[in-house]
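One-letter residues, chain by chain:
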Amino acid sequence: MCLSIPTKLFLAPLLLLCIVIFPTVSATPDPIYYSSLNEILYEDYSGIQHVDSSSPAWDITGVAKNSVGDVFAAISCETVSCHYDGWKLLKNGSAIQGASVQHINTVDVDIHDNVFFAVSNTVYQIAPSGGSASVAFSLSPEWTVTGANADSEGNLFVSAVCEPNDCPVLESRFYKNGSIIYVVFDEPITDLSVDIRDNVYFSQGDGVYLVPSLLPTTPVRVHTDPNHWIIEGVGVDSQQNILTVSACEGEASCPMTVIGNLYRGTTLLDTVANDYFTDVDVQPTLPVVLVHGIYSNDTIWNAFEAYYPGTTFAVGAVNGLPGLFPNNSDIHLLDDQLKSALVQLKALSGYKKFDVVAHSMGGLVTRTYIASNEYDNDVRRLIMLGTPNEGAPIADSWIAPFFGSLAGLDPADTARKQMNVGSLFIRELNAKNNDQKKRGVQYYSIAGTDLPNSLALVALVCVAQPSYCQGKVTDSIVPMSSVNFIGTCTHDGVTHTDALGATYYTSPSTLVAIHQLLTEGKNNLPRCPIA
């Protein structure tokens, strides 16, 4: 639970003065992973960094990164050391698939972290949880798959080429769920990419073409390589910048025998001589929906929105309200407001999936939506801050109704009662825990471990809930053991609400940790003890 502005004013004389300096993160486009024949590189606007290398005998043909930081690389060998024919799929530098025959042509990761890779004429898929690869699509032997990925709804797109020695002329095809939707002759389709709005892009010759997600029209040319070189790979970031790698091999326009370029739009980011870049990948940052807790509103997110460089939407603002309303009404009604906000965002922005950062009761609101029959597979990652997943003892204390009378907008104070330890609401929601996990959402929690920064408030908390001052680790409102229920839990030295001290949405270290979870699926905070 968190306290409203009236409650904070009531307690203000008891608080110590605290000056908070927020960390800075520049608003930059998404980082880029790209590969040359023997090296994987990373460009994050602080410079270009080396990620990994292959041995000289092996060529890197594709690179992709998932949402939790795993880097996948496709490598093939055409030398005597591997009998001129062999391939491997690497995950963070270690082989997870491979064979001594055929070639691996490409690897990509969809928005759900499914991995797609193509070996000769066949596309394989590995689930986000790992395991063995299954065949997702296959063509007759004369065809070579050059690109494969899926949109948010699971539609599989594949590009393939047939060389003149196997077909009467050079022919390229573009498939959706096994059906041909585009054919071109005399020019290869070399790669494809799916953006976070489900628009599909593919590279053909010196151009990039767009297949709009809602318009079944002929692909539209949206980019041309500045030098009119062959584009080997294409990616699209969350700002819809087109990333390409292009190559020139011994042509009149090349100043060297072989040269490769990496572009964002028409801006040259990197170049390589006597080599070329083979692929480019962007794991775009998803927009973030912010869900506050009980007795609160959207204004708690002001500091986070000023700090975070990505796109954010406060749930109340989307619905034209100050926040969830009434802020202490039945959680089953509040989750309808979250659903309404997501429906509107998808319709207006074209985004298909979101990350959610939720404080306190907001985590229960989001979990309720994910567990419901109305869930539309539109949440990738839920980050819960001090959420009472197993209830909060203080919600049933003598002081709790006082908070509701000051800050609650629903006289029944239903949400507070639902957050009592062992309440019917908590039992029913947690009984659906396995179903929630099966829906593919990544769950993360941050628990606070500090009591208030005022001795008077410490005394008040200890009287209201003695266990909080008798060894139970808590953020002054919610115990760590209740936060640490589903997914990965880390902890920081913060209180539950800014009426008590530095909190989840004002503490610089916690803001950094949230940013890390949103971009990499992990943070540097210590893990919570095993519950």
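Up top you'll find the structure we're talking about.
What you see is a predicted model, and the numbers here were worked out from it, not measured in a lab.

Participant: Mind showing me how you'd approach the sheet that holds strand β26 (residues 312-314) here?
Facilitator: The strands that make up a sheet pair up through hydrogen bonds in the backbone, lying either parallel or antiparallel. An order of β26-β25-β27-β28-β29-β30 is seen for the six strands of this open sheet, with the pairing classed as parallel. Because the sheet does not close on itself, it has two edges, and the strands there are β26 and β30 (488-492). Between one strand and the next, the sheet's axes are offset by a mean angle of 20°, whatever the strand orientation. Examined bridge by bridge, strand β25 (residues 288-291) and β26 share three bridges and lie parallel to one another. When the bridges of β26 are listed, L290 appears paired with A314. In the packing of helix α12 (residues 508-520) onto the sheet, contacts are made with β25, β27 (354-359), β28 (379-385), β29 (442-448) and β30, and the angle to β28 comes to roughly 165°.

Participant: Would you explain α12 in this entry?
Facilitator: Along an α-helix, residues three or four apart share an orientation, since each turn contains 3.6 residues. Taking 1.5 Å as the rise per residue, α12 with 13 residues should run 18 Å; its terminal C-alpha atoms sit 18 Å apart, in good agreement. The elements touched by buried residues of α12 are β25, α2 (302-307), β27, β28, β29 and β30. Phi turns positive, to about 75°, at G521, one or two residues after α12.

Participant: Hey, could you run me through helix α8 (residues 424-431) in this one?
Facilitator: Turning to α8, its buried residues are F425, I426, L429 and N430. When α8 is viewed along its axis, its buried side chains cluster within an angular range of 115° and face the same direction. Exposed and facing more than 90 degrees away from the buried side of α8 are L424 and A431. Elements in contact with the buried residues of α8: α4 (331-349), α5 (361-371), α7 (414-418) and α9 (433-438).

How each quantity is defined
- Residues numbered from 1 in each chain as written.
- Predicted model: local features only at pLDDT ≥ 70, side-chain atom pairs only at ≥ 80, totals over all residues.
- Heavy atoms only, no water.
- Pairing = 2+ DSSP bridges.
- Helix = DSSP H or I, 4+ residues; strand = E, 2+ residues; numbered from the N terminus.
- Axes fitted to C-alpha atoms, helices over the stretch in contact; angles between N-to-C directions.
- Contact = heavy atoms within 4.5 Å.
- Expected span 1.5 Å × (residues − 1).
- Buried < 20%, exposed > 50% of the residue type's maximum accessible area, 1.4 Å probe, protein only.
- Arc of directions from axis to C-beta.

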